[in-house]
Amino acid sequence: MTLQDRPPFAILNGEIVPFDQAKVSIMAPGLTFAVLAFEGLRGYWNAEDEQLYVFRVAEHMDRLAFSNAVIEIDEPQPQGVLADQMLALMRKCCFREDVYIRMQTYIDDWGDMTASGPVGWSIVARQRGRVAAFAEGRHFGVSSWRRNADDASPPRIKASANYLNSRLAGLEAKRSGYDAAVLLNRDGSVSEGPGGCLFVMRDGTLITPPVTAGILESVTRRTLIELIRDAGIPLEIRDVGRTELYLAEEAFYCGTGQEMVPILSFDRKPVGKGEPGATTRDLQRLYDAVVRGRNARYRHWLTPVY
Ligand SMILES: Cc1ncc(COP(=O)(O)O)c(C=O)c1O
């Protein structure tokens, strides 16, 4: 990220400050022991409405509270206050484009790995458009790294510490010539990718691993489950075996940042014809309409900034 790409302001412990002044101690347990929970949200600019819509704020705030509870970080502020601060930051930055927002809570100052305070929090938002992979699709490879387990470093929550596992898988995938990794869990079933969840299609039925498979409780996955059910597309939430990746007619990866990325191959074996499938494309169009406020049925998922 170049200096020019950095946003002008950030929120640090409730105050709007110039981005470069948003600093924490080098001995903060949030840094030294990764005692940090976070959320990644997206804001979508709708030119017709002259409005920036933030997607599923309540669900992200609930998950942040859940992550904090598991790693015992006290909520620094009530959820509504944090959400208002995020919206105020975006108004201050005058965004009129798609943005990505990161909100994080951590143990600040100086302490050991069980320190319970002081709790710090920060929010940063920056311009971020749609990833090229949304249109192009990407190639995935099964990692030799296993997903961290719920009884070790629970992937169900969005905690920075979990991303070491994601990083190792992502680095290996790149070295092996793939765009991204698929992680299997300890049982050998498919869990998720380093930063997103997976859906595969077999015989016209979409299948996604359950939250007990070692995945983050993803907001996008949950959104897609609702959209898929509402659209009447057959859906199963069940364990997915590695070989089912090779038998899939269609597959996609999903998450707030990536939105929906068609998967073109697993381990260099083409998914279907090796190009984005028709149902994947239909769902991408539906998802785009929903997040941008062009589908009245799901408008309640959007929070306007202005
Ligand atoms: C490991 C992991 N799984 C899944 C997801 C998708 O979660 P969400 O849809 O809430 O962004 C993410 C983040 O975006 C992630 O980092």
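Only a predicted model underlies this, so the values are computations on that prediction, with no experimental measurement involved.

If you walk through the whole model with that rule in mind, you get 20 salt bridges. Glu-39 is the partner of Arg-63 in a salt bridge, and the nearest nitrogen-oxygen pair spans 2.7 Å. With Arg-63 in helix α2 (residues 57-71) and Glu-39 in strand β3 (residues 36-46), this residue pair connects regions lying 24 residues apart in the sequence. Pair check on accessibility: Arg-63 and Glu-39 agree, each one buried. Ionic pairing is found between Arg-156 and Asp-150, a salt bridge with its closest N-O pair at 3.8 Å. For Arg-156, a relative accessible area of 19% translates into the label buried. In this structure Asp-150 comes out as partly exposed when scored by relative accessible area, which is 48%. Bridged by salt links that share partners, the residues Asp-98, Arg-130, Glu-259, Asp-288, Arg-292 and Arg-294 form one connected network.

A few words now on the sheet that holds strand β6 (residues 119-127). The strand order across the open sheet formed by seven strands is β2-β1-β6-β5-β3-β4-β16, and the pairing between neighbours is antiparallel. The sheet terminates laterally at β2 (15-18) and β16 (302-304), the two strands that pair on one side only. Across the sheet, the mean angle separating the axes of adjacent strands is 25° when strand polarity is ignored. The pairing of β3 with strand β4 (residues 51-55) spans four bridges and is antiparallel. Along β4, the bridge assignment pairs Asn-46 with Gln-51. Against the sheet, helix α8 (residues 278-291) engages β3, β4 and β16, with an angle of about 115° to β4.

Here the residue pair Gly-117 and Pro-118 is connected by a cis peptide bond, since its omega of 0° sits within 30 degrees of zero. Here Pro-118 is to be found in the loop between β5 (99-107) and β6. Phi is positive for Glu-259, close to 60°, though the residue is something other than glycine.

Applying the stated criterion across every chain, the model contains six aromatic pairs. When the ring of Phe-55 is compared with that of Tyr-287, the centres are 6.0 Å apart and the planes differ by 75°; the resulting orientation is edge-to-face. Of the two residues, Phe-55 sits in strand β4 while Tyr-287 sits in helix α8, which places them 232 residues apart along the sequence. Here Phe-55 and Tyr-287 have matching classes, each one buried.

Conventions used here
- Residues numbered from 1 in each chain as written.
- Predicted model: local features only at pLDDT ≥ 70, side-chain atom pairs only at ≥ 80, totals over all residues.
- Heavy atoms only, no water.
- Salt bridge = Lys/Arg side-chain N within 4 Å of Asp/Glu carboxyl O.
- Helix = DSSP H or I, 4+ residues; strand = E, 2+ residues; numbered from the N terminus.
- Buried < 20%, exposed > 50% of the residue type's maximum accessible area, 1.4 Å probe, protein only.
- Pairing = 2+ DSSP bridges.
- Axes fitted to C-alpha atoms, helices over the stretch in contact; angles between N-to-C directions.
- Contact = heavy atoms within 4.5 Å.
- Phe/Tyr/Trp six-rings, centres within 6.5 Å; stacked < 30°, edge-to-face > 60°.

As far as function goes, none of this settles anything; it's purely spatial.
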